[in-house]
Amino acid sequence: MSSAKSRWADNAEEEVQRKREKEEKKRAKLEKQRQAEEEEVRRKKAEEEAAARKDEQNREDSDRPTKRRRLSHDGEDSRTKEKAEQPRKLLRFAAPAWGPCRHVDNFERLNHIEEGSYGWVSRARETATAEVVALKKLKMDNLNDGFPVTALREIQTLKESSHTHIVDLREVVVGDTLDDVFIVMEFVEHDLKTLQDSMSEPFLPSETKTLMAQLTSAVAFLHSHWILHRDLKTSNILMNNQGEIKLADFGMARYTGDPPPPNLTQLVVTLWYRAPELLLGAKTYGFEIDLWSVGCIFGELLQKEPILQGKNEVDQISKILTLMGIPTDTTWPGFRRLPNARSLRLPPNPPPHATKPNIRRTFALLTNAGVDLLLSLLSLNPDGRPSAAEVLDHPYFKEDPKPKAKEMFPTFPSKAGQEKQRRRDTPSAPKRGEGGKVEFGAVDLSGLFGAEREEGGAGFQLRMG
Amino acid sequence: MAPEVRPPSHLSNPLATLEQLSTSGSQLDGISADLETSILFAGATLTQAAGILLHLPQDIIASAIVTYSRFWVGAEGGSLREYGAKDISAASIYLTAKLSAFPKSPRSVLNVYSFLAAVPSTFTDLDKFSELDYEESCYLSEGAYQSRRNLLTKMETIILRVLGFQTHVALPYALCINYLQALDVFKGPSGKALASKAFEYLNASLLNPQLLYLTHQPPALATSAIYLAAREIGVKLPEEEWWEVFDTDREELGFLVVAMLSMEGFVGEEKGKWEGGSVPLTVEGVEKEIERRNGVNGHDTL
Ligand SMILES: Nc1ncnc2c1ncn2[C@@H]1O[C@H](COP(=O)(O)OP(=O)(O)OP(=O)(O)O)[C@@H](O)[C@H]1O
Ligand SMILES: [Mg+2]
C-alpha cells in the first residue's frame, strides 16, 4: 500500500520536474530564436544600408539607370518604393505563419461598445503598446458540436480579407476557459447606423457616392474571393474619422463556390436588408443577395433611414413589392416556383402600373443615373442585379457631383469612444438554432394577407392563397 | 457533381519556419526524434484511413492531415506526452470537415475512430480501406460517446489555440491537373495514368516524415509529383526546364524528388521497427513505450 503511494508521489514529483524542465527549455529556445531574429534584422538592415549607399554611388557615377530603376515602370522613385516595401519583407521573415493564441490579459478593457446577437464588442488597449483596438467576444453556443462553425468562418473569412475598406483583424486571443475567444480588430470610431442617427441631415450626395464606392469595392473584393457576407447593413459598416468605411461583422460570412453548395442556410441577412428570393424561400442563392443589401443601404444613405422596415417576413415582402412592383413572368421568370411564392396569390395579369417600381417618386432628388443604379440593385429578379464589379463601373460614379475626397469628410464625435454605449433599434441578424429554415407558413401569412388589403400606393392586391 | 467550395488562396500555404522545424513540444518533453517521427507518421496514416471511411473527398482529408501535422511542430507545438496522436487526428478531421461542404457529425467521426482502434491501420495498405464495406454502426455506448464527444470538441479547441486559428490549407491537387493540361499531356493516351500516378505521390507526401506540405508550396509539390509520374510512366515532357514555368527551381525540384522517392524506404523501415507491435497513438501508450525503451536501455547497461 505505502509503496504504491510513494510510487505515485514519485511520479507526481517527476511529472512536475519534467514540466519545469520543459518550460525552461522552451524559454531558452524561444530566447535563442528571438536573438537570432534580431541578429537577422540587424544584418538585413546593414545590408540594405550598404545597398542603398552603393545605389547612391552608382547613380552618382553614371546616368545609366540601375537595374532596379528600369524595372519600376510607374516612374516612382525606386528607392523610396524599395524602402517602403522593406519592413514587410522583414516581418515575413520574423513572424511564424502560425503560433499559439495570446491571452486576452494583454489588453485592458476600456468600455463596452455594443452588445450584438453574436457577442459583445468593447474598446480596449493593448498594455504593451498602448494601442487602442476593438475586442469582440465570440458567442459560443451549441457547444455539443464543438467550436461554432459560424465563429470559425467569421475568423477565417475576415483573416483572408485584407482590404482598405474591410476592418483589419489583428489576431485571435483567448481567455482562461476554452470557450473564451476574442477577435482583436482595429478600432473604428463610428458605425454608419449610429452615425446617421446622430446627424440632422443625410450625407451629401457627393458623400453618399464616396461611401457607396467604398462599400462596393469591399463587396467586390469579397465576391472575387468567393466570400458571401450575408449580413450587409449600416450597423455592420464602420467609419473612421478619415472618411473611410470599414466593412465588419463577418458573423454570417462563408465561402461559396460555383455552383453554390447545396446546404446554404436560408436564415441569413437581417430582415430589412434581406433579398426577395430569400424571403420567398429560394434553396440556393449567390452573390446577388449581398447586392440587394447594398441597394437597401444606398437607399438608406439617401433617406437617412432604412427604406424597407418590415415588421416580419410577410410584411417585408409586401413592402418590397410596394416599392418595386409585382414581379411578372417576364421580369422574374420562375419566381412562381419558389416555395413561398405559392402563398402569395398574385394577379395573373396585373395592371401594368402595379408592376412598375416607385423608385422615381420615392427618391425625388436622385439623378437619373442614381435611380438607374438603385433600380438595378433592387431588381426583384436576382439575375437582374449587377455584380459588385459592374456597380463600380456605373455612370452614377462618374457624373456630377463627383465623389467627395475622403480627406474632405467632416469628422464626427465618436459615440464608441465614450463611456456611453451605442444604442440600436435595427432588428438583429437571424440567430442560429432558430431552425434550419425560414418559416413562411400560413400562420404568418394569414395575419397580413388574410383579409384583402389594398396597397394604395402600388395599386395591387396581395391575397392569401 | 459536388460543388467546389473555393478555398481562400489555392497557391500559397503558411509554412513552418526553420525555427519551428528545429524543435517540437514533444522533443522538449523528452521524446526522442525517432519515436516522434514514427508516431506522427502513424497518426497521419490513421487520419487518411478515417477520412476514407468517412467518405470524405481527398482534398479534405489532405487538409486535415496538414492541420494535424502543423499542430506538433515548433517549441510551442503540442506534445505527445500531453495529447494523443489519435485524438488530435480525430479532431483535425472533424474540424476540417466542419469548415468544408461535407461536415461530419461527432458521432460519425467517433464511430470511425473506434472502428479503426480495432484495426492495425498504420501498415495496412490504405486502398484496403476504400474497398472495405464499412457500415456505420454504433460502436459506442451512450456514456462512452458523451465523454469522447467532449474530448473531441476539447481537442478541436486546443488545435485552434495552438495554431492561432490558422486553418488555411492550400493543396496541390487542382494545380497538378492544371499543369498537366498546360504541358499538353492530360488529354493524351496516358493522361489518366499520369494524373493518378502524380496524385499517388501527392498523397504519399502527406505522410512524409520530412513534412513536405509544411515546408513547400503547392506549385512545387505538384511539379515534383508530375516529374516523377512522367518518368515512371514514360511520358515525355518538354526538353527545356518546364518546371520553372510553375515557379519551381531545379534545386527545390531535386530536393522534393528525392524526398518523395524516399517514402517507400521509410515505410519499409518503420514496418520493420514496429513489427509485431503497433505504434502508440495515445498518451498512455507513449509513456509505456518510453518506459519500455528506458527499460531496454537500462538492461543494456547492466
Ligand atoms: N472594430 C470595431 N471598432 C469599433 N466598433 C466596432 C468594431 N467592430 C464592431 N463594432 C461595434 O460593435 C457593433 C457590433 O459588432 P458586430 O456587428 O461585429 O457584432 P455582432 O454581435 O455580430 O452584431 P449584430 O449581431 O448586432 O449584428 C457594431 O455595430 C459596431 O457598432
Ligand atoms: Mg453586427
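Keep in mind that this is a model prediction, so the values were computed, not measured.

Rules used in this analysis
Residues numbered from 1 in each chain as written. Chains lettered and ligands numbered in written order. Predicted model: local features only at pLDDT ≥ 70, side-chain atom pairs only at ≥ 80, totals over all residues. Heavy atoms only, no water. Helix = DSSP H or I, 4+ residues; strand = E, 2+ residues; numbered from the N terminus. Rg over C-alpha atoms; globule rule 2.2 N^0.38 Å. Contact = heavy atoms within 4.5 Å. Areas by Shrake-Rupley, 256 points an atom, 1.4 Å probe, with all protein chains shown as cover. Phe/Tyr/Trp six-rings, centres within 6.5 Å; stacked < 30°, edge-to-face > 60°. Buried < 20%, exposed > 50% of the residue type's maximum accessible area, 1.4 Å probe, protein only. Lys NZ or Arg CZ within 6 Å of the ring centre and 35° of its normal. 1 Å grid on protein atoms, 1.4 Å probe; cavity = no way out; pocket = protein on both sides within 12 Å on 5 of 7 lines; lining within 4 Å. Points joined across faces, edges and corners; volume = space filled by probe spheres on them. Nonpolar A, V, L, I, M, F, W, Y, C, P; charged D, E, K, R; others polar. Domains from an automatic or database assignment. Donors = N, O, S within 2.8 Å, 3.2 Å for Na, K, Ca; no water. Buried area = accessible area lost by both parts, 1.4 Å probe. Salt bridge = Lys/Arg side-chain N within 4 Å of Asp/Glu carboxyl O. Polar contact = N/O pair within 3.5 Å; in protein donor to acceptor, adjacent residues only side chain to side chain. Expected span 1.5 Å × (residues − 1). Axes fitted to C-alpha atoms, helices over the stretch in contact; angles between N-to-C directions. Parallel < 35°, antiparallel > 145°, perpendicular 65-115°, else oblique. Left-handed = near helix turned anticlockwise from the far one by under 90°.

1. Quick look at the overall build of chain B
Part 1 of the reasoning: A count of helical and extended segments in chain B gives 15 helices and 0 strands.
Part 2 of the reasoning: Against the compact-globule benchmark of 19 Å for 302 residues, chain B has a radius of gyration of 20 Å, which places it among compact chains.
Part 3 of the reasoning: Considering only C-alpha atoms, chain B reaches an extent of 60 × 50 × 35 Å along its principal axes.
Part 4 of the reasoning: For chain B, the share of sequence-separated contacts (at least 6 apart) that also reach a separation of at least 24 residues comes to 80%.
Part 5 of the reasoning: Carbon together with sulfur atoms contributes 54% to the accessible area of chain B, which is approximately 13200 Å² in total.

2. Observations regarding the packing of aromatic side chains
Part 1 of the reasoning: Applying the stated criterion across every chain yields a total of 17 aromatic pairs over all chains.
Part 2 of the reasoning: Between F41 of chain B and F266 of chain B the ring centres are 5.1 Å apart and the planes differ by 85 degrees, which places this aromatic pair in the edge-to-face class. Here F266 of chain B lies in helix α14 (residues 263–273) and F41 of chain B lies in helix α3 (residues 33–53), a separation of 225 residues in the sequence.
Part 3 of the reasoning: Residue F41 of chain B is classed as buried on the basis of its relative accessible area, which comes to 5%.
Part 4 of the reasoning: The buried category is assigned to F266 of chain B, whose relative accessible area is 13%.
Part 5 of the reasoning: Among the aromatic residues, those joined into a cluster by ring pairs are Y179, Y227, W242, W243 and F246 of chain B.
Part 6 of the reasoning: When the ring centre of F187 of chain A is taken as origin, the NZ or CZ atom of R123 of chain A, which lies over that ring, is 5.8 Å away.
Part 7 of the reasoning: A cation sits over an aromatic face here: K137 of chain A above F182 of chain A, 6.0 Å from the ring centre.

3. Description of empty space enclosed by the protein
Residue and element names in this part refer to chain B.
Part 1 of the reasoning: What the rule picks out here adds up to 2 cavities of 30 Å³ or more.
Part 2 of the reasoning: In this structure, the second largest cavity spans a volume of roughly 60 Å³.
Part 3 of the reasoning: In terms of lining residues, the second largest cavity is bounded by I65, V66, S69, S205, L206, N208, L211, L212, Y213 and L214.
Part 4 of the reasoning: Looking at the lining of the second largest cavity, the elements that each hand over two or more residues are α4 (58–72), α10 (191–206) and α11 (212–215).
Part 5 of the reasoning: Of the residues assigned to the lining of the second largest cavity, the class counts are 7 nonpolar, 3 polar and no charged.
Part 6 of the reasoning: A domain-level breakdown of the lining of the second largest cavity finds at least three residues from each of domain 1 (21–168) and domain 2 (173–261).

4. Brief notes about the coordination of the magnesium ion (ligand 2)
Part 1 of the reasoning: Distances from the magnesium ion (ligand 2) to its protein donors, N236 of chain A (OD1) and D249 of chain A (OD), fall at 2.1 Å. Of this pair, N236 of chain A sits in the loop between β8 (227–228) and β9 (237–239) while D249 of chain A is found in the loop between β10 (245–247) and β11 (254–255), placing the two residues 13 residues apart along the sequence.

5. Quick word on the interface of chain B and chain A
Part 1 of the reasoning: Listed per partner, the contact involves 46 residues of chain B and 45 residues of chain A.
Part 2 of the reasoning: Both faces combined, the contact of chain B with chain A buries some 4100 Å², and carbon together with sulfur accounts for 60% of it.
Part 3 of the reasoning: Across the chain B-chain A interface, the total number found is 0 salt bridges.
Part 4 of the reasoning: Counting the contacts that link chain B with chain A gives 13 residue pairs in polar contact (both at pLDDT 80 or more).
Part 5 of the reasoning: Secondary-structure elements contributing two or more residues to the side of chain B that touches chain A are α1 (18–22), α2 (25–28), α5 (85–98) and α8 (142–162) of chain B.

6. What to know about helix α11 (residues 368–377) of chain A
Residue and element names in this part refer to chain A.
Part 1 of the reasoning: Here α11 lies mainly inside the structure; 7 of its 10 residues are buried.
Part 2 of the reasoning: By the burial criterion, the buried members of α11 are A369, G370, V371, L373, L374, S376 and L377.
Part 3 of the reasoning: Turning to α11, the residues buried within the fold contact α6 (205–224), α8 (288–303), α10 (359–362) and α12 (388–392).

7. Structural notes on α8 of chain B
Part 1 of the reasoning: Taking 1.5 Å per residue, 21 residues should reach 30 Å; α8 of chain B reaches 30 Å between its end C-alpha atoms and fits that length.
Part 2 of the reasoning: Turning to α8 of chain B, its buried residues number three or more, namely Y145, R149, L152, T153, M155, E156, T157, I158, I159, L160, R161 and V162 of chain B.
Part 3 of the reasoning: Against the buried residues of α8 of chain B lie α4 (149–160) and β5 (169–174) of chain A together with α4, α5 and α6 (106–117) of chain B.
Part 4 of the reasoning: Looking at the residues trailing α8 of chain B, positive phi occurs at G164 of chain B, about 55 degrees.

8. Considering the pattern of salt bridges
Residue and element names in this part refer to chain A.
Part 1 of the reasoning: Following the criterion strictly, the structure yields 29 salt bridges over all chains and no others.
Part 2 of the reasoning: Residue E131 pairs with R170 through a salt bridge whose shortest N-O separation is 2.9 Å. In this pair, E131 sits in the loop between β3 (119–126) and β4 (132–138) while R170 sits in strand β5, placing the two residues 39 residues apart along the sequence.
Part 3 of the reasoning: K246 is the salt-bridge partner of E244, the closest N and O atoms lying 4.0 Å from each other.
Part 4 of the reasoning: Each of E186, E244, K246 and K406 takes part in one network of salt bridges that share partners.

9. Details of the packing of α4 of chain B against α5 of chain B
Residue and element names in this part refer to chain B.
Part 1 of the reasoning: α5 packs onto α4 with a crossing angle of 135 degrees between their chain directions and a minimal axis gap of 8 Å. When the axes of α4 and α5 are compared, the pair comes out oblique. Viewed along their axes, α4 and α5 form a crossing whose handedness is right-handed. Where α4 abuts α5, its residues I60, S63, A64, T67, Y68, F71 and W72 lie against A85, I88, S89, S92, I93, T96 and A97.
Part 2 of the reasoning: Here the residues of the contact of α4 with α5 are counted per class, giving 9 nonpolar, 5 polar and no charged.

10. A short note on the domain arrangement of chain B
Residues and elements named next belong to chain B.
Part 1 of the reasoning: By the assigned domains, chain B splits into domain 1 (21–168) and domain 2 (173–261).
Part 2 of the reasoning: The centre of domain 1, based on its C-alpha atoms, is set 27 Å off from the matching centre of domain 2.
Part 3 of the reasoning: Taken together, the 14 residues of domain 1 in the interface contact 9 residues of domain 2.
Part 4 of the reasoning: When domain 1 packs against domain 2, close to 950 Å² is buried across both sides, 86% of that on carbon and sulfur atoms.
Part 5 of the reasoning: The largest contributions to the domain 1 side of the interface with domain 2 come from L21, Q58 and V66, which together make up 33% of the buried area.
Part 6 of the reasoning: Seen at the junction of domain 1 and domain 2, the total is 0 salt bridges.
Part 7 of the reasoning: Taken together, the links from domain 1 to domain 2 amount to 2 residue pairs in polar contact (both at pLDDT 80 or more).

11. Digging into unusual backbone geometry
Part 1 of the reasoning: Residues D258 of chain A and P259 of chain A are joined by a peptide bond in cis, for which omega reads 0 degrees.
Part 2 of the reasoning: Position of P259 of chain A among the secondary structure elements: in the loop between β11 and α7 (276–279).
Part 3 of the reasoning: In this model, D400 of chain A is joined to P401 of chain A through a cis peptide bond whose omega is -5 degrees.
Part 4 of the reasoning: Structurally, P401 of chain A can be placed in the loop between α12 and α13 (442–449).
Part 5 of the reasoning: Look at H55 of chain B: it is not a glycine, yet its phi comes out positive at around 60 degrees.
Part 6 of the reasoning: Along the polypeptide, H55 of chain B turns up in the loop between α3 and α4.
Part 7 of the reasoning: Judged by relative accessible area, which is 64%, H55 of chain B ranks as exposed.
Part 8 of the reasoning: A positive phi angle is found at D247 of chain B, which is not glycine, with a value near 65 degrees.
Part 9 of the reasoning: Considering the arrangement of structural elements, one finds D247 of chain B in the loop between α12 (218–233) and α13 (250–261).

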